[in-house]
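# Remarks on the overall topology
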Amino acid sequence: MKAAAKHFPGFQYSASELLKYITVAKDFTLMLSSGEFIKFTPIDDSLFEDWLIANNVQNIRKEEGWITE
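The rules behind the values
Residues numbered from 1 in each chain as written. Predicted model: local features only at pLDDT ≥ 70, side-chain atom pairs only at ≥ 80, totals over all residues. Heavy atoms only, no water. Helix = DSSP H or I, 4+ residues; strand = E, 2+ residues; numbered from the N terminus. Salt bridge = Lys/Arg side-chain N within 4 Å of Asp/Glu carboxyl O. Buried < 20%, exposed > 50% of the residue type's maximum accessible area, 1.4 Å probe, protein only. Arc of directions from axis to C-beta. Contact = heavy atoms within 4.5 Å.

### Some details on unusual backbone geometry
Positive phi is not limited to glycine here, since Ala 25 has a value of about 60 degrees. Relative to the assigned elements, Ala 25 resides in the loop between strand E1 (18–24) and strand E2 (27–32).

### Focus on the pattern of salt bridges
Within the structure shown, the criterion is met by 1 salt bridge. Residue Asp 45 pairs with Lys 26 through a salt bridge whose shortest N-O separation is 3.4 Å. Here the residue Asp 45 occupies a position in helix H1 (residues 45–54), and Lys 26 occupies one in the loop between E1 and E2, the gap between them amounting to 19 residues.

### Focus: H1
Those residues of H1 not exposed but buried are Phe 48, Trp 51 and Leu 52. Seen end-on, H1 carries its buried residues on one side only, within an arc spanning 100 degrees. Where H1 is buried, its residues contact E1, E2 and strand E3 (37–40). Phi for Asn 56, located one or two positions after H1, is positive at around 60 degrees.

### Here's the deal with the environment of Ala 15
Inspection of the secondary structure puts Ala 15 in the segment before E1. In this structure the C-alpha to C-alpha distance between Ala 15 and Trp 51, which are 36 residues apart in sequence, comes to 8.6 Å. Aside from chain neighbours lying at most four places away, what touches Ala 15 is Lys 6, Trp 51, Asn 55 and Val 57.

Rendered as structure tokens:
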């Protein structure tokens, strides 16, 4: 299996610095390993989310107890 890229073009953080994310429309809120939260709006939100998934960054919406309607 091919390893996922550690950096996403146009995004200043490496995958290893990210813990969790949530997305609303095309806007991402990400939690860094430092505990800081950042926002990012990629040009291609689908490609960015694929990169997060490939790097095992946890989607907060998939955590147990998260309620969506």
